Amino acid sequence: MGYYVEYDIAVTIPAERAPEVIAAINALHDPELMASQSHAGTYQGGVRTHVRYSWTDNPPPGGFTTMEEAFLAWRFNLYSTNEGSQFSFTWCGEKCGDEEHFFRALAPFANGSIYARGEDGAEWGYQYKDSEMRELQCIKQWVSS
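Fair warning: this is a prediction, and the values are worked out from it, not measured in the lab.

Thresholds, definitions, all that
- Residues numbered from 1 in each chain as written.
- Predicted model: local features only at pLDDT ≥ 70, side-chain atom pairs only at ≥ 80, totals over all residues.
- Heavy atoms only, no water.
- Buried < 20%, exposed > 50% of the residue type's maximum accessible area, 1.4 Å probe, protein only.
- Helix = DSSP H or I, 4+ residues; strand = E, 2+ residues; numbered from the N terminus.
- Arc of directions from axis to C-beta.
- Pairing = 2+ DSSP bridges.
- Phe/Tyr/Trp six-rings, centres within 6.5 Å; stacked < 30°, edge-to-face > 60°.
- Axes fitted to C-alpha atoms, helices over the stretch in contact; angles between N-to-C directions.

Pulling in residues and values, what's your account of helix H1 (residues 18-28)?
Counting along an α-helix, one turn takes 3.6 residues, and residues three or four places apart therefore face a common direction. Three or more residues of H1 are buried, namely Ala18, Val21, Ile22, Ile25 and Leu28. Within H1, the buried residues cover an arc of 115° as seen down the axis, which keeps them to one side.

I'd like a rundown of the pairing of strand S4 (residues 76-81), residues and numbers included.
Relative to strand S5 (residues 86-91), S4 runs antiparallel, the two sharing 6 bridges. Residue pairing for S5: Tyr79 is matched across the bridge by Ser88. Remark: 4 residues form the turn of the hairpin made by S4 and S5, two consecutive strands paired antiparallel; Asn82 in that turn has positive phi of roughly 50°.

Give a description of the packing of aromatic side chains that names residues and reports values.
Any two aromatic rings considered together are summarised by their centre-to-centre distance and by the angle between their planes. Taken as a whole, this structure holds 15 aromatic pairs when the rule is applied. Summarising the aromatic geometry, the rings of Phe76 and Phe103 are spaced 5.7 Å apart at their centres and angled 55° between planes, so their arrangement reads as tilted. One end of the pair, Phe76, is in strand S4; the other, Phe103, is in helix H4 (residues 99-105), and 27 residues separate them in sequence. For Phe103, a relative accessible area of 0% puts it in the buried group. Grouping aromatic residues by their ring pairs yields a cluster made of Tyr7, Tyr53, Phe71, Trp74, Phe76, Phe89, Trp91, Phe102, Phe103 and Tyr126.

Now, about the sheet that holds strand S6 (residues 111-118): what can you tell me, with residues and values included?
The sheet built from 6 strands is open, its strands ordered S4-S5-S1-S6-S7-S8 with antiparallel pairing. Either end of the sheet is taken by a strand with one partner, and the two such strands are S4 and strand S8 (132-137). Geometrically, the sheet is characterised by an average inter-axis angle of 15° between neighbouring strands, direction not taken into account. Bridge analysis of S6 against strand S7 (residues 123-129) gives 6 bridges, and the strand direction is antiparallel. When the sheet's bridge partners are listed, Tyr115 is paired in S7 with Gly125.

Given below as structure tokens:
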């Protein structure tokens, strides 16, 4: 089960902000916050015994220590651009999970846009501007020429 999605990502993050980005991603994994934002995890007898975001890996004890491991846990491959002064990332997952929380955590540091296309053809996106993430709606129409 699940909903397949493809992301077209044109986002950059300044390399000097890496410690703040790691801290923001680690903060997402606060157990109370995860419990309020996601329904994924392990259940026994109807009781949630382990909390996590959908299709992600929780950080090791002490939290993520590198951008690479933090992004990979959320199913994104990180790479450096502009002679190492910026980072960007690509999607390496298949099914849609709780990525919107991850995208929102990047807002204070990121510039650019993310476009998504679901398995049923639905399209949506996100744009980073002024340290905020804005949701984008895809509106298509046919016009006569």
